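Here are the chains, one letter per residue:
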Amino acid sequence: MKTYNIAAIPGDGIGTEVIAAGLEILEGLARRLGGFNFDVTHYPWDSEYYLKHGHYIPDGGLAEISKADAIFFGAVGSLKVADHISLWGLRLPICQGFDQYANVRPARVLPGVKSPLSNGQAIDWVIVRENSEGEYSGSGGRVHQGLPIEVATEVSTFTRVGVERIHRFAFELARSRPAKHLTLVTKSNAQRHGMVLWDEVFAEVARDYPDVRTNRELVDAVTTTMVLKPEKLDVIVATNLHADILSDLAAALSGSLGIAPTANLNPDRSFPSMFEPIHGSAFDITGKGIANPIATFWTAAMMLEHLGERKAGEHLMRAIEEVTASGLHTPDLGGTATTRQVTDAVLEVISR
Ligand code: NAD
Ligand code: MN
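Conventions we followed
- Residues numbered from 1 in each chain as written.
- Chains lettered and ligands numbered in written order.
- Predicted model: local features only at pLDDT ≥ 70, side-chain atom pairs only at ≥ 80, totals over all residues.
- UniProt positions renumbered as here; feature names shortened; annotations may be inferred.
- Domains from an automatic or database assignment.
- Contact = placed C-beta atoms within 7 Å.
- Helix = DSSP H or I, 4+ residues; strand = E, 2+ residues; numbered from the N terminus.
- Buried ≥ 20, exposed ≤ 12 C-beta atoms within 10 Å, placed from the backbone.
- Pairing = 2+ DSSP bridges.
- pLDDT = per-residue confidence, 0-100.

Looking at an unreviewed UniProt entry, one finds the protein named D-malate dehydrogenase (decarboxylating) and attributed to Ectopseudomonas chengduensis. In the Sequence similarities (unreviewed entry) part of its UniProt record, the protein is described as follows: "Belongs to the isocitrate and isopropylmalate dehydrogenases family." The Catalytic activity (unreviewed entry) comment attached to the protein in UniProt states, word for word, "(R)-malate + NAD(+) = pyruvate + CO2 + NADH".

J.: How do you make sense of the domain arrangement of the protein when you look at a structure like this?
T.: Many structure descriptions define interface size as the accessible area lost when the parts assemble. Partitioning the protein into domains gives domain 1 (1–102 + 262–352) and domain 2 (115–254). Taking the mean C-alpha position of each, domain 1 and domain 2 sit 25 Å from one another. Counting from both sides, the interface comprises 10 residues of domain 1 and, opposite them, 12 residues of domain 2. No other element matches the three residues that helix α4 (residues 83–97) contributes to the side of domain 1 that touches domain 2.

J.: So what exactly am I meant to see when it comes to the pairing of strand β10 (residues 235–238) here?
T.: Remark: a regular strand shows side chains that alternate across the two faces of the sheet. Alternating residues of β10 divide into Val 235 and Val 237 and Ile 236 and Ala 238, and every residue in both groups is buried. Where strand β5 (residues 124–130) meets β10, four bridges bridge the pair, whose relative direction is parallel. Its bridge partner being in β10, Val 128 is matched across the sheet by Val 237.

J.: I would appreciate a short explanation of the confidence of the model for the protein in the present structure.
T.: When pLDDT drops low, the exact placement of atoms in the prediction is not to be read closely. Considering every residue of the protein, the mean pLDDT works out to 97; 100% of them sit at 70 or more. Here the complex is predicted with pTM 0.97, and the ipTM for its interfaces comes to 0.98.

J.: Help me understand unusual backbone geometry, please; the structure alone is not making it clear to me.
T.: In most cases, non-glycine residues show a negative phi, while peptide bonds are predominantly trans. Positive phi outside glycine occurs at Asp 99, with the angle close to 45°. Note that Asp 99 resides in the loop between α4 and β4 (102–108). Judged by C-beta crowding, with 17 C-beta atoms within 10 Å, Asp 99 ranks as partly exposed. One non-glycine residue, Lys 180, lies in the positive phi region at around 45°. As for its placement among the helices and strands, Lys 180 is situated in the loop between α5 (160–175) and β8 (181–186). When the 16 C-beta atoms within 10 Å are taken as the criterion, Lys 180 is described as partly exposed.

Quick look at the structure:
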């Protein structure tokens, strides 16, 4: 029997609701399939904890979760704490501290889900987001704060090592898919330093992948391709900021932010990877019991695959699709089901 140590960080708002549901699903799968189980440790590092202690992650906290096999994360963000403090206090120290440089965001329209696009069935994308540097490097500063002459800089840092490894990751992923197509997204017409480095390194890495077809799009233009010609895209590689924006669009085009999963991967496995829904803490529906748990279930399936439990991941994915196909939807997908009802339905399919 294999035991996986999971560090659960539910965080704020609906994060706690969807992670509780996700853990029930993982336990249900372990019961049904056998051969593995989970040892889950909960970390209470939410915004209330921050307000009480002055920090999200306590001293030694990162070292402690570094021993986990995977991190299962809900969302962070509260009306009582500025968003840049919560993001930089919890999520980014984990992504950057554990060098989870590849953020993988699949998007497709699940059975029974309605895309706002008439040809939404053509959506079958994986967005690869550079997750360690770029626009979210954290460098910059403010001088003459509050004065009319105030200046603020937000510095994007791109390293050749960082750019090359994300391109290589994206090519490997594209190679593993039937379409074997990779789109490089930049803004190298206007941003003429880091983005040109992206273009150059992409061309160099492409030589090692003659079997992968490639094209390049500017980030503004690719939004129109996503909406008007979704079939033209397969794997997309983009910077931290660009891919952040494109993946929310991809989620909306696939039906709802409530179904979109993501994996923050440390591909060389020197640290644990982190799995989370793309969405945030959703203040407007917190505590109502109607958060869509599907994004969290899908990310749990990605976590299982990462842990080497491919069959369990596929079993879960099939169960998710059977439930979405049945029309049992939370309000974000136009239904009236609760988180509890969707969770129970998936548990029921799993247990068969
Ligand atoms: P959000 O994702 O929380 O919500 C956007 C909209 O989508 C809301 O109308 C919400 O109700 C809906 N939605 C999101 N997830 C849903 C789900 N599972 N089921 C049903 N509906 C869902 O984004 P926001 O409103 O921009 O941000 C709220 C807070 O979350 C902010 O503090 C923000 O910083 C934080 N945030 C955190 C993360 C993260 O932890 N990774 C990501 C995004 C936003
Ligand atoms: Mn985002």
